[in-house]
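Breakdown of the fold
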Amino acid sequence: MNRIRKGDEVIVIAGKDKGKRGVVLNVNVSENKVIVENVNMAKRHTKGNPMRGTPGGIIEKEMPFAISNIALWNPVSNRPDRVGFRFLEDGRKVRYFKSNNEVVDV
């Protein structure tokens with residue numbers, strides 16, 4: 001089970017985009033990389049392909065960066081927070097915020 005999952009709201013804690021918030025679009029566990037919406041944008045110059053109908057030009061897209069550079073956003077305290085794991089009474093394993101012991105997954 002991962003601490004960061006697709007669909008989580010996170011904040012960047014290191015790098016050129018420090019302080020930006022966004023939603024996780026993709027998590028690559030094998031490379032420890034994550035793609036966050038509208039964060040770490042890069043311009044890619046692409047050549048058009050008339051057979052496929054794709055236009056050429058400069059395209060902005062999100063690039064992956066290290067999962068260690070983001071933290072899960074805690075909506076209760078409005079701050080980034082660390083995440084831990086615990087088991088509920090019914091045996092389910094869930095994530096929780098370390099600062100206020102609130103469960104992330106319901």
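The sections below set out a description of the structure shown in this document.

Once that is clear, we can look at the pairing of strand E9 (residues 83–87). As defined by bridge partners, E9 adjoins strand E10 (residues 93–97) across five bridges and the pair is classed as antiparallel. Counted as the bridge partner of Phe87 is Lys93 from E10.

Next up on the list: the sheet that holds strand E6 (residues 65–66). In space, the six strands of this open sheet follow the order E6-E3-E2-E1-E7-E8, with antiparallel pairing throughout. Two strands bound the open sheet, and with one partner strand each, they are E6 and strand E8 (79–81). In this structure, strand E1 (residues 9–12) lies alongside strand E7 (residues 70–74), joined through three bridges in antiparallel fashion. Pairing of Ile11 across the sheet is with Ala71, part of E7.

General note: in soluble globular proteins, nonpolar side chains tend to be found buried as a group. Membership of the largest hydrophobic core is limited to twelve residues, which are Ile4, Val10, Val12, Val24, Val34, Val36, Val39, Phe65, Ile70, Leu72, Val83 and Phe97. Broken down by secondary-structure element, the contributors of at least two residues to this core are E1, strand E3 (33–36) and E7.

Each value, and the rule that gives it
Residues numbered from 1 in each chain as written. Predicted model: local features only at pLDDT ≥ 70, side-chain atom pairs only at ≥ 80, totals over all residues. Heavy atoms only, no water. Pairing = 2+ DSSP bridges. Helix = DSSP H or I, 4+ residues; strand = E, 2+ residues; numbered from the N terminus. Core = buried A, V, L, I, M, F, W, Y, C linked by side-chain atoms within 4.5 Å. Buried < 20%, exposed > 50% of the residue type's maximum accessible area, 1.4 Å probe, protein only.

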